[in-house]
Amino acid sequence: MKIDSSVVRELLDAPSDDTVLAFLEGRAQVIEQAALSSEQCRGAAVLLSRAELVERLGTPSPAEEDVTRLSASLQDAVDKLGA
């Protein structure tokens, strides 16, 4: 499963801080927090929320290189977990 800058950007562009980046059905997906309790999202593993992402980046409008760097960092963490 691949975490690239497009999925991180999608999370940043989400309208709600409660939106999360989660692994579901073998891929990274942006999902509303409220949807996590639904049958369609059963088994989803949350990586981080939009609010956590903005806090980590220090801004809701980061430079593209910062998004790319964070994407690589998240991918590395997932790879180390064996996901």
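These numbers were taken from a predicted model, which means no experiment stands behind them.

*Asks:* What exactly am I supposed to notice about the overall build of the chain here?
*Replies:* Within the chain, the secondary structure is distributed over three helices and three strands. Sequence-ordered secondary structure for the chain, helices as α and strands as β, is α-β-β-β-α-α. Computed over C-alpha atoms, the radius of gyration of the chain comes to 12 Å, within 12% of the 12 Å expected from 2.2 N^0.38 for 83 residues, which places it in the range of a compact globule. Reported as C-alpha extents along the three principal axes, the dimensions of the chain are approximately 35 × 30 × 15 Å. Burial analysis of the chain (83 residues in total) assigns 35% to the buried set. Long-range contacts, defined here as pairs at least 24 residues apart, represent 54% of the contacts in the chain between residues at least 6 apart. Carbon together with sulfur atoms contributes 47% to the accessible area of the chain, which is approximately 4,900 Å² in total. Once the 8 positive and 15 negative side-chain charges of the chain are each reduced to a mean point, those two points are 4 Å apart.

*Asks:* Where do I start with the pairing of strand β2 (residues 27-32) in this structure?
*Replies:* On a regular strand, one side chain projects to one face of the sheet and the next to the other, so that they alternate. Note: strand β1 (residues 19-24) against β2, six bridges, orientation antiparallel. What sits directly across from V20, in β2, is I31. Linking β1 to β2, which pair antiparallel, is a turn of two residues; within it E25 sits at a positive phi near 55°.

*Asks:* Mind showing me how you'd approach helix α1 (residues 5-13) here?
*Replies:* Side chains that are three or four residues apart share a direction in an α-helix, a result of its 3.6 residues per turn. Every buried residue of α1 is accounted for by V7, V8, L11 and L12. All buried residues of α1 project into a common sector of 145° when viewed along the axis, lining one side. Those residues of α1 hidden inside the fold are in contact with β1, β2, β3 (45-49), α2 (50-57) and α3 (64-81).

*Asks:* Whenever I open this one, the sheet that holds β1 confuses me. Can you help?
*Replies:* Remark on secondary structure: sheet strands pair via backbone hydrogen bonds, oriented parallel or antiparallel. The sheet built from three strands is open, its strands ordered β2-β1-β3 with antiparallel pairing. Lying at the two open borders of the sheet, with one neighbouring strand each, are β2 and β3. Strand-to-strand twist across the sheet, computed as the mean angle between neighbouring axes with direction ignored, equals 30°. The strands that α2 touches are β1 and β3; relative to β3, the one it contacts most, it runs at about 50°.

*Asks:* Would you explain the nonpolar core in this entry?
*Replies:* Buried together is how nonpolar side chains tend to be arranged in soluble globular proteins. In terms of nonpolar packing, the biggest core is built from 16 residues, with I3, V8, L21, L53 and L74 touching the most fellow members. Of all the secondary-structure elements, those providing two or more residues to this core are α1, β1, α2 and α3. With five residues, the next largest nonpolar core counts A22, L24, I31 and C41 among its residues.

*Asks:* What is the right way to read the pattern of salt bridges from this model?
*Replies:* Pairing between side chains of opposite charge can happen when their charged atoms approach one another. Applying the stated criterion across every chain, the model contains five salt bridges. E64 is paired through a salt bridge with R9; the nearest N and O atoms lie 3.0 Å apart. Here R9 lies in helix α1 and E64 lies in helix α3, a separation of 55 residues in the sequence. Among the salt bridges present, the one from E39 reaches R42, with a minimum N-O distance of 3.5 Å. Across this residue pair, the class does not change: E39 and R42 are exposed.

Parameters at a glance
- Residues numbered from 1 in each chain as written.
- Predicted model: local features only at pLDDT ≥ 70, side-chain atom pairs only at ≥ 80, totals over all residues.
- Heavy atoms only, no water.
- Helix = DSSP H or I, 4+ residues; strand = E, 2+ residues; numbered from the N terminus.
- Rg over C-alpha atoms; globule rule 2.2 N^0.38 Å.
- Buried < 20%, exposed > 50% of the residue type's maximum accessible area, 1.4 Å probe, protein only.
- Contact = heavy atoms within 4.5 Å.
- Areas by Shrake-Rupley, 256 points an atom, 1.4 Å probe, with all protein chains shown as cover.
- Lys, Arg positive; Asp, Glu negative; His and termini not counted.
- Charge placed at Lys NZ, Arg CZ, Asp CG, Glu CD.
- Pairing = 2+ DSSP bridges.
- Arc of directions from axis to C-beta.
- Axes fitted to C-alpha atoms, helices over the stretch in contact; angles between N-to-C directions.
- Core = buried A, V, L, I, M, F, W, Y, C linked by side-chain atoms within 4.5 Å.
- Salt bridge = Lys/Arg side-chain N within 4 Å of Asp/Glu carboxyl O.

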